[in-house]
Each structure stands twice: as structure tokens, then as C-alpha cells.
Amino acid sequence: ANKLGSKKERTLAMIKPDGVTKIGDIFELINTANLIVTKAKMIKLTCQAADFYMEHQSKPFFNNLVQFMSSGPVVAMELMGDEAISIWRRLLGPTDSAVARREAQESVRAQFGTDGIKNVAHGSDSVAAAARELEFFFPSTMGHGPSNTAIFTDC
Ligand code: RTP
Ligand code: MG
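The structure displayed is predicted, hence computed values, not measured ones.

### As for the side chain of Ser-124
By the secondary structure assignment, Ser-124 is in the loop between strand S4 (121–123) and helix H7 (127–137). Exposure remark for Ser-124: the relative accessible area of 0% places this residue in the buried category. A distance of 2.6 Å separates the side chain of Ser-124 from the side chain of Glu-133, its partner in a polar contact. Look past the residues within four positions of Ser-124 in its chain and what remains in contact with it is Thr-11, Leu-12, Ile-85, Arg-89, Ala-129, Ala-130 and Glu-133.

### Focus: the site of ligand 1
Near ligand 1, the surroundings consist of 13 residues, among which Lys-16, Tyr-53, Thr-95, Asn-119 and His-122 are the closest. At a separation of 3.1 Å, an oxygen atom of ligand 1 approaches a polar backbone atom of Gly-123. Across the complex, the protein chains shield 76% of the 560 Å² of accessible surface that ligand 1 would expose by itself. Comparing atom positions with the cavity grids shows ligand 1 to sit within the largest pocket. Within the shell around ligand 1, the residues separate by chemical class into four nonpolar, six polar and three charged.

### Description of the packing of aromatic side chains
Considering all chains together, one arrives at four aromatic pairs under this definition. Ring geometry for Phe-52 and Phe-136: centres 5.4 Å apart, planes at 65°, overall edge-to-face. Separated by 84 residues along the polypeptide, Phe-52 in helix H2 (residues 48–52) and Phe-136 in helix H7 bring together distant segments of the chain. Phe-136 shares its class with Phe-52; the two are buried. Between Phe-136 and Phe-137, the aromatic rings sit 5.0 Å apart at their centres with planes inclined by 70°, giving edge-to-face as the arrangement. For Phe-137, a relative accessible area of 0% gives the class buried. A network of ring pairs unites the aromatic residues Phe-52, Tyr-53, Phe-136 and Phe-137 as a single cluster.

### Overview of the environment of Phe-62
Mapped onto the fold, Phe-62 is located in helix H3 (residues 62–69). The exposure class of Phe-62 is buried, given its relative accessible area of 13%. Along the backbone, Phe-62 and Ala-50 are twelve residues apart, and their C-alpha atoms lie at a distance of 8.3 Å. With sequence-adjacent residues up to four places away left out, Phe-62 is seen in contact with Ala-50, Tyr-53, His-56 and Gln-57.

### Examining the sheet that holds S4
The four strands are arranged S2-S3-S1-S4 in an open sheet whose pairing can be described as antiparallel. For this open sheet the edge positions go to strand S2 (36–43) and S4, each flanked by a neighbour on one side alone. When strand polarity is set aside, the average angle formed by the axes of neighbouring strands in this sheet is 20°. Across three bridges, the pairing between strand S1 (residues 8–15) and S4 is antiparallel. If you follow Met-14 over to S4, its bridge partner there is His-122. Of the strands in this sheet, S1, strand S3 (74–82) and S4 are in contact with helix H4 (residues 84–92), which crosses S1 at around 35°.

The rules behind these values
Starting afresh in each chain, residues are numbered from 1 along the sequence in its written order. Both sets of labels track the order of writing: A upward for chains, 1 upward for ligands. Restriction of local features to residues with pLDDT of at least 70 applies here, the model being predicted, together with a cutoff of 80 or more for giving and counting side-chain atom pairs; totals for whole chains, interfaces and linings are based on all residues. Heavy atoms throughout the structure, all of them, feed into the side-chain values; hydrogens and water do not. Per the convention used, a helix needs a DSSP run of H or I reaching at least four residues, while a strand needs a run of E reaching at least two, with both numbered from the N terminus. A simple rule labels every residue: compare its accessible area, found with a 1.4 Å probe on the protein chains alone, to the largest value its type can have, and call it buried under 20%, exposed over 50%, or partly exposed in between. Identification of polar contacts relies on pairs of N or O atoms within 3.5 Å, with a donor-acceptor requirement for protein atoms, meaning one able to donate a hydrogen and the other able to accept it, and with residues adjacent in sequence counted only if both atoms are side-chain atoms. Residue contacts are counted whenever heavy atoms from the two residues lie within 4.5 Å of one another. Proximity criterion: a residue is near a molecule or strand once any of its heavy atoms comes within 4 Å of it. Note on areas: Shrake-Rupley with a 1.4 Å probe; residue coverage comes only from the protein chains shown. Only protein atoms enter the calculation, which uses a 1 Å grid: trapped sets of points that fit a 1.4 Å probe without letting it out are cavities, open sets showing protein on both sides within 12 Å along at least five of seven lines are pockets, and any residue with an atom within 4 Å of a point is a lining residue. For this analysis, a molecule is said to be in a pocket or cavity if more than half of its atoms are within 2 Å of the grid points defining it. Side-chain classes follow a simple rule in which Ala, Val, Leu, Ile, Met, Phe, Trp, Tyr, Cys and Pro form the nonpolar group, Asp, Glu, Lys and Arg form the charged group, and the remainder, Gly included, forms the polar group. Only Phe, Tyr and Trp rings take part, Trp by its six-membered ring, and two of them pair if their centres are within 6.5 Å. Stacked means planes under 30 degrees apart, edge-to-face means over 60, and tilted covers everything else. In this scheme, strands are said to pair when DSSP sees at least two bridges between them. Between the N-to-C directions of two axes lies an angle of 0 to 180 degrees, each axis being a line fitted to C-alpha atoms and, for a helix, fitted only over the stretch in contact.

Here it is as C-alpha cells:
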């Protein structure tokens, strides 16, 4: 923690397929929140969508979620800043865009989301999730071969 008691963190933000055309507005909100984009990658997920959302595999919405997440390119980003994980989650707003419009009018999902599944963007929900999700999109190579290997592996 620094002298103001805040923590410098990294988090994984992912613009979902429905959010890609709004990326300019989303960058503006990220900048206004004092977060910095330190890595970015546009990619079309195929089988990796199921891997990424593995924690939800038993949920009733899992198949729709995987289908949606592989319906077009996504933009994965590393965001850095004080309390980046919770700041970005707060900026996203509630999961359901309709709830976001009621409860958090300024949020990303309130402004640009459609419903409970088409909700513009993702954010890591813990330090452990951020580490795992950043490694998923931006694998560290430790000097062993090219980066990107994991994400471009065949399904
Ligand atoms: P995310 O992981 O994408 O940042 O969103 P979240 O934490 O706010 O929500 P989570 O519970 O982790 O759900 C992951 C994504 O699954 C879709 N979903 N659909 N139809 C539904 O009831 C439903 N519930 C969740 C959303 O795309 C949600 O962001
Ligand atoms: Mg989540």
C-alpha cells in the first residue's frame, strides 16, 4: 500500500463482442477513472471461451455465454492503477444491463449494454482471478518460445 493506503493493481478487462464498436467511449471512461491500458489484444475466441468461463460451466446460461463470447472478436486488456480490480468492476456496473441502468446510470453496462448476457465487458473479480485471466490472454514466456502460444492453440 502507498502512503494514501491504496494498492497498485493489475486487472484483466475484456471488451465482449457487443462492446467492440463502443471501444472509444470505453477507453474514455477508463482514462477518466485513472486506469492505464498497459496491454491490449484483439482476438476471436473459439473453444477458449469455454475455458475462460470454466467456473460457470454448470450454470444454465453457460451455453449461451460461450456462444455469445465466440460470436465475434473481443479485446483483452491489462489495466493498471490504484485499486484497479474494484475500480474497473465498479465502472462496469451490475451484471444485468437493465439493473445497471436503474442502479448505476454512469456505468459501462448502463450506457452500452443490452441485457444480462450482452453486457459489453468483463472484469476480473479478485487478485487471484486477475492473475489467472492475465496469464490466459498474455502468457508469460519465461524465455520459452513465442508468447501467445496458449491462446492460439487449436481447440
Ligand atoms: P463478468 O464475469 O463477465 O465480468 O461478469 P460478472 O462477474 O458481472 O457476472 P458473472 O456472474 O461472472 O457471469 C459471467 C457472464 O455470464 C453472463 N451471464 N448471463 N443470463 C444470465 O442470467 C446470465 N448471468 C450471467 C454475462 O455475460 C456475465 O457477464
Ligand atoms: Mg464474473
